[in-house]
Amino acid sequence: MRIGYGFDSHEFRPGIPLKIGGITLPHDKGLGGHSDGDVLLHAITDALLGAIAAPDIGALFPPSDPKWKGADSVIFLREALKRVREAGYAVANVDSSLILAAPKIGPHSVAIRTRVAELLGLHGDCVGLKAKTPEGLNLENAAIAHVVVLLEKSSRPKKKASKKK
Ligand code: MG
């Protein structure tokens, strides 16, 4: 069994789409960044990579590389998931906290959890999502994500992983 933890933050910028958890939310600002700025998928990606002690998202997909400009963060998540599977693990569950002043996440919570579960090959009840406002943090123009993941040994490890035994 392995545990992984991921953190990310992005600044809101006007005039760009707001992507959180692989879906686009209606809002007048989006999250800036070299990729599509999906703060939740970035934190999940780092949690998955951290759980298997792999290089982090910034090392695998350097912001300095023009290849990742405007990239769909689903690409990063899929690479992390592939590495998890190659290491002989399967994702058991994910829990996350989002901290942002706006928009309200509640109305979109099911859609985000459903999309994240789909991306990870999990049931919806294996993806937790809590949204908090940044009370007392003076972070009105940023979105923050904290994520933990639990991995368990895969019942059908891939060849690479079975060699380790
Ligand atoms: Mg990020």
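It should be noted that the structure appears before, not after, this text.
What counts, and at which threshold
- Residues numbered from 1 in each chain as written.
- Predicted model: local features only at pLDDT ≥ 70, side-chain atom pairs only at ≥ 80, totals over all residues.
- Heavy atoms only, no water.
- Donors = N, O, S within 2.8 Å, 3.2 Å for Na, K, Ca; no water.
- Buried < 20%, exposed > 50% of the residue type's maximum accessible area, 1.4 Å probe, protein only.
- Pairing = 2+ DSSP bridges.
- Helix = DSSP H or I, 4+ residues; strand = E, 2+ residues; numbered from the N terminus.
- Axes fitted to C-alpha atoms, helices over the stretch in contact; angles between N-to-C directions.
- Contact = heavy atoms within 4.5 Å.

Trainee: What is the right way to look at the coordination of the magnesium ion in this model?
Mentor: Tetrahedral coordination by four donors sets the ideal angle at the metal to 109.5 degrees; octahedral coordination by six donors sets it to 90 or 180 degrees. On the protein side, the magnesium ion has D8 (OD), H10 (NE2) and H42 (ND1) as donor atoms, found 2.1 to 2.2 Å from it. Using a relative accessible area of 8% as the deciding quantity, one classes H42 as buried.

Trainee: Help me out: how do you make sense of the sheet that holds strand 6 (residues 127–132) in this one?
Mentor: Sheet strands pair by backbone hydrogen bonding; their relative direction is either parallel or antiparallel. Here 5 strands make up an open sheet; going across it, the order is 4-1-7-5-6 and the pairing mixed. This sheet does not close on itself; its edge strands, each paired only once, are strand 4 (29–31) and strand 6. Strand-to-strand twist across the sheet, computed as the mean angle between neighbouring axes with direction ignored, equals 20°. Across the sheet, helix 1 (residues 39–51) lies against strand 1 (2–14), strand 4, strand 5 (89–99), strand 6 and strand 7 (142–153), angled at about 155° from strand 1, the strand it touches most.

Trainee: It is not clear to me how unusual backbone geometry should be interpreted in this structure. Could you clarify?
Mentor: Negative phi characterises most residues that are not glycine, and trans characterises most peptide bonds. Of note, the amide linkage connecting A102 to P103 takes the cis form, showing an omega dihedral of 0°. Assignment of secondary structure puts P103 in the loop between strand 5 and helix 4 (109–120). Although it is not a glycine, A53 sits at a positive phi angle of roughly 55°. Take A53: it is sitting in the loop between helix 1 and helix 2 (57–60). For N138, which is not glycine, the phi torsion reads 55° and is therefore positive. Along the chain, N138 turns up in the loop between strand 6 and strand 7.

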